[in-house]
Amino acid sequence: MRRLLFITALFFLNSTIAQIYDVAVYEKIGFEIGGFGEDLDTEDWFGYAVEGIGDLNGDGVNDVAVSAIKDDDGGFNHGAVYILFLNLDGSVNSYQKISDTEGNFDGQLDEWDIFGTSISYLGDLNNDGLIEIGVGAEYDGDGGYWHGAAWILSLNVDGAVHSYTKISDTEGNFNAPLDDEDVFGTDIESIGDLDGDGLKDIAVSARRDPDGGSDRGAVYILFLNSDLSVKNYQKIS
């Protein structure tokens, strides 16, 4: 108990606006729980990444995207992302799965891509009225072992994929030299229109990049074209 109190005291000392809240109500979403149904298998790892995506279907309730990186649709550990449309109580009203076999997604996934390593709400990157999410697949093998990849998915209001762009060592006009085990796509984030060209840009991490030493990591700033391919980039390492 003394240790817990000590941690709490430090929390307050280091923040003048810090407050402690208790959970009033909660909703668990999982296999046959929270309105989600039975669409999970053993070792899917549902819940590996979770991201708020705003009110995608326009019903007045915000929705979320949840990954299951070891989902086996199409092959072993290809990975999947679920778009969950929520009720006001946090339970699932309906959902759309995006995988190698579902969600109008025909991108090439391979064994151990673990599509869904990260999920990021990117907003409307190219001003076409569609919401984009970034999905990492850090064990993707384009160009070499575990080079990694970042997918940008443009979504319809029903959660299915309208279109997509893959950014990897061989796709998306990305010509940075990625190496084995860089795991590009560990995280993805929208950073606004950094270069002032009217299109939003993104940052993508590669947590095991070896610049300067083993596994030191790196971040790529990607300036995007209107088709969401890479116009140019800056590496920070």
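Everything below is about the structure printed above this text.
Computed from a prediction, not measured in an experiment: that's the story for all the values here.

Here is what the cut-offs are and how they apply
Residues numbered from 1 in each chain as written. Predicted model: local features only at pLDDT ≥ 70, side-chain atom pairs only at ≥ 80, totals over all residues. Heavy atoms only, no water. Phe/Tyr/Trp six-rings, centres within 6.5 Å; stacked < 30°, edge-to-face > 60°. Buried < 20%, exposed > 50% of the residue type's maximum accessible area, 1.4 Å probe, protein only. Helix = DSSP H or I, 4+ residues; strand = E, 2+ residues; numbered from the N terminus. Pairing = 2+ DSSP bridges. Axes fitted to C-alpha atoms, helices over the stretch in contact; angles between N-to-C directions. Lys, Arg positive; Asp, Glu negative; His and termini not counted. Salt bridge = Lys/Arg side-chain N within 4 Å of Asp/Glu carboxyl O. Contact = heavy atoms within 4.5 Å.

Visitor: So what's going on with the packing of aromatic side chains? Residues and values would help.
Guide: Taken as a whole, this structure holds 20 aromatic pairs when the rule is applied. Consider the rings of W45 and Y48, whose centres lie 6.2 Å apart with planes at 15°: the pair is stacked. Here W45 falls in the partly exposed class, since its relative accessible area comes to 45%. When the ring of F174 is compared with that of Y233, the centres are 5.4 Å apart and the planes differ by 75°; the resulting orientation is edge-to-face. Taken together, the residues span a long stretch of sequence, with F174 in the loop between β8 (161-167) and β9 (184-192) and Y233 in strand β12 (residues 230-236) at a distance of 59 residues. Of the residues examined, F174 reaches a relative accessible area of 4% and is grouped as buried.

Visitor: With reference to specific residues and values, describe the sheet that holds strand β11 (residues 218-224).
Guide: Taken together, four strands build an open sheet; the order of strands is β9-β10-β11-β12 and the sheet is antiparallel. Each having just a single partner strand, β9 and β12 make up the two edges of the open sheet. For this sheet, the mean inter-axis angle between neighbouring strands, taken without regard to orientation, is 25°. Judged from the five bridges that link them, β9 and strand β10 (residues 201-206) form a sheet pairing that is antiparallel. Paired with I188 across the strands is V204, a residue of β10.

Visitor: Tell me about the environment of D209, residues and numbers included.
Guide: Looking at the element boundaries, D209 is found in the loop between β10 and β11. Given a relative accessible area of 0%, D209 falls into the buried group. Along the backbone, D209 and G143 are 66 residues apart, and their C-alpha atoms lie at a distance of 15 Å.

Visitor: Describe the side chain of D201, listing the residues and the values that go with them.
Guide: Structurally, D201 is set in strand β10. This buried residue, D201, is left without a salt bridge; K231 holds the nearest opposite charge, at 6.1 Å. Aside from chain neighbours lying at most four places away, what touches D201 is E189, S190, I191, G192, D193, L194, D195, L222, F223 and L224.

Visitor: Which residues make up the environment of A68, and what are the values?
Guide: Note on placement: A68 falls in strand β2 (residues 63-68). Residues A68 and R207, spaced 139 residues apart in sequence, show a C-alpha to C-alpha distance of 20 Å.

Visitor: Could you give an account of unusual backbone geometry, naming the residues involved and the relevant values?
Guide: We note that E43 has phi near 65°; this positive angle belongs to a residue other than glycine. Residue placement: E43 occurs in the loop between α1 (2-13) and β1 (46-54). Of note, the phi angle at L228 is positive, near 75°, even though the residue is not glycine. Inspection of the secondary structure puts L228 in the loop between β11 and β12.

Visitor: Tell me what's going on with the sheet that holds β8, and back it up with residues and numbers.
Guide: Reading across from one edge, β5-β6-β7-β8 is the order of the four strands in this open sheet, with antiparallel pairing throughout. At either margin of the open sheet sits one strand with a lone partner, and together these are β5 (119-123) and β8. For this sheet, the mean angle separating the axes of adjacent strands, direction not counted, is 25°. Pairing of β5 with strand β6 (residues 131-137), which is carried by four bridges, proceeds in the antiparallel orientation. Within β6, the position partnered with S120 by the bridge is G134.

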